[in-house]
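# Topology and contacts: notes
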Amino acid sequence: MSLVLTTASVPDRDKVAYWNDAVSRTLVPMTVAPRGDGPFDGRIATDRLGYLQVSTMEADAERVSRTPALIARSSEALVAVGVQISGTATFIQDGRQAEVGEGDLVVYDTTRPYSFDYPQRFATHVFQLPRRTLGVPDSDIRQVTGHAIGTRDGFGAMLLPFLATLASSADGYPPAVADRLAGNVVDLFATLITERAHPGGTDADTARSHLLMRVRDHINQNLGDPDLSPESIARMHRISVRYLHRLFEGEGTTVGRLIQQRRLEECGRELARRGRTAPTVSAVAQRWGFINPAHFSRAFRATYGLSPREWRDLRTTQDDVGRSPAGTPAPPSADGPGADLPRSRG
């Protein structure tokens, strides 16, 4: 269900303050200054699709500013894409100024100051997502900000109708579909930024590395899902299974092997964790996506030379971490990244 905030029922004297607070709470902290003298009118409707926030804002003429002081009040780095539905705007960020017309797109980074000046009543869609999900260099984002991106041809022409449809129907998707759509939008935005930052032509290696990064991130976030597989990953990223395997041809592993390797690493980390109550091997295996305990034990021993139970007992009962019984690999130190991971053989 959409969250809708409107000045319609607010007393005239309180409308500006109400709108300032509504915009700051819905998007990011900003200062809103109306350009007219009469009673102000504004409406903003917001929905969430996984980690993607979709807002549609319609308001009277105003100037919106995000200052360093307001940025300091925000805890998360976000990237936003605005779609101008009606009216015009002057957009400024990173020392560049763009005149934004109906149908144009703008990309902006909420961790750096920016402003929008709307000289008349306007409407816009705003798509916000965590910057870390994009998987593109910060230098690429900086090259794209402060520009209006036309949608009459090229990639923008394909992107505009998709975003418009998504914004108008964002409240009608079940959670599983919403999460998948959010992933698709991230891929499209990453492609848009890469295309605009490297206008000399498509950078196939860059596009491949971004997609590969997203696939690896998806695997890490879904290790506990027993249905995680090359097929499910390909569906999530809207690519073929064959192309997914091609992505990993130069990685020294396959998709299936990477999934199993990462699951074994997390199981080893958890089994090595000290505590009053040691976790059972079967509980740990199920938590990290292994359905069959026997298969898990065989895979663990084949990779690390110890059974899961032997690894847990060795790691949790040993007084001196640096000493191990003869013939067994010394458990890694508990200090530093990956400290509790078993060491693979070969």
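At a minimum axis separation of 11 Å, helix H4 (residues 154-168) and helix H5 (residues 175-197) run at an interaxial angle of 150°. In terms of axis orientation, H4 runs roughly antiparallel to H5. Classified by chirality, the crossing of H5 by H4 is left-handed. The segment H4 lies against H5, with Phe155, Met158, Leu159, Phe162, Leu163 and Leu166 engaging Leu181, Val185, Leu188, Phe189, Thr191, Leu192 and Glu195. Partitioned by chemical class, the residues of the contact of H4 with H5 number 11 nonpolar, 1 polar and 1 charged.

For the rest of this paragraph, the subject is the pairing of strand S8 (residues 96-100). In this structure, strand S7 (residues 89-93) lies alongside S8, joined through 5 bridges in antiparallel fashion. Bridged to Ile92 within S8 is Gln97. What sits between the antiparallel neighbours S7 and S8 is a turn of 2 residues, in which Asp94 has the positive phi angle 55°.

On to the pairing of strand S4 (residues 52-59). A large share of S4 lies buried, amounting to 6 of its 8 residues. Both strand S3 (residues 42-49) and S4 contribute to a ladder of 8 bridges, which runs antiparallel. What sits directly across from Leu49, in S4, is Leu52. Two successive antiparallel strands, S3 and S4, enclose a turn made up of 2 residues, where Gly50 displays a positive phi of approximately 60°. Looking at chain direction, S4 and strand S11 (residues 122-130) are connected through 7 bridges and run antiparallel. Paired with Met57 across the strands is Thr124, a residue of S11.

As summarised here, the arrangement of the 5 strands in space is S2-S5-S10-S7-S8, forming an open sheet in which the pairing is antiparallel. Looking at strand neighbours, the two that pair on one side only are strand S2 (31-34) and S8, the edges of this open sheet. Strand-to-strand, the axes of this sheet are offset by a mean angle of 15°, without reference to chain direction. Those strands touched by helix H1 (residues 15-26) are S2 and strand S5 (62-66), and its axis lies near 145° from that of S2.

So, about the environment of Val241. One can find Val241 in helix H8 (residues 241-247). Taking the C-alpha atoms as reference points, Val241 and Glu231, 10 residues apart in sequence, are found 6.0 Å from one another.

Backbone geometry at Asp94 places phi at a positive 55°, although glycine is not the residue there. Along the chain, Asp94 falls in the loop between S7 and S8.

Let's shift gears to the pattern of salt bridges. In total, this model carries 20 salt bridges according to the counting rule given. Among the salt bridges present, the one from Asp138 reaches Arg112, with a minimum N-O distance of 3.8 Å. Remark: Arg112 occurs in the loop between strand S9 (105-109) and strand S10 (114-118) and Asp138 occurs in helix H3 (residues 138-144); sequence separation between them is 26 residues. Take Asp138: its relative accessible area is 30%, and that puts it in the partly exposed class. Here Glu270 and Arg287 are joined by a salt bridge, their closest N and O atoms 2.4 Å apart.

So, about the nonpolar core. A general tendency of soluble globular proteins is for nonpolar side chains to be buried together. Core analysis: the largest hydrophobic core is formed by 32 residues, its most contacted members being Leu52, Val107, Phe127, Leu134, Leu159 and Phe189. At the level of secondary structure, the elements contributing two or more residues to this core comprise S4, strand S6 (78-86), S9, S11, H3, H4 and H5. Sorting elements by how many residues they give to this core places H5 first, with 11 residues. If sequence neighbours within four positions are ignored, Val107 has contacts with Val79, Ala80, Val81, Phe91, Gln93, Val144, Thr145, Gly146, Ile149, Leu192 and Ile193.

A word on the sheet that holds S9. The sheet built from 6 strands is open, its strands ordered S1-S3-S4-S11-S6-S9 with antiparallel pairing. The strands lining the two open edges of the sheet, one partner per strand, are strand S1 (3-6) and S9. Neighbour-to-neighbour, the strand axes of this sheet turn through a mean angle of 20°, independent of strand direction. Sheet topology note: the S6/S9 ladder contains 5 bridges and is antiparallel. From the neighbouring strand, Gly82 faces S9, where its bridge partner is Val106. Packed onto the sheet, H4 meets S3, S4, S6, S9 and S11 and runs at close to 90° relative to S11.

What counts as what
- Residues numbered from 1 in each chain as written.
- Predicted model: local features only at pLDDT ≥ 70, side-chain atom pairs only at ≥ 80, totals over all residues.
- Heavy atoms only, no water.
- Axes fitted to C-alpha atoms, helices over the stretch in contact; angles between N-to-C directions.
- Helix = DSSP H or I, 4+ residues; strand = E, 2+ residues; numbered from the N terminus.
- Parallel < 35°, antiparallel > 145°, perpendicular 65-115°, else oblique.
- Left-handed = near helix turned anticlockwise from the far one by under 90°.
- Contact = heavy atoms within 4.5 Å.
- Nonpolar A, V, L, I, M, F, W, Y, C, P; charged D, E, K, R; others polar.
- Pairing = 2+ DSSP bridges.
- Buried < 20%, exposed > 50% of the residue type's maximum accessible area, 1.4 Å probe, protein only.
- Salt bridge = Lys/Arg side-chain N within 4 Å of Asp/Glu carboxyl O.
- Core = buried A, V, L, I, M, F, W, Y, C linked by side-chain atoms within 4.5 Å.

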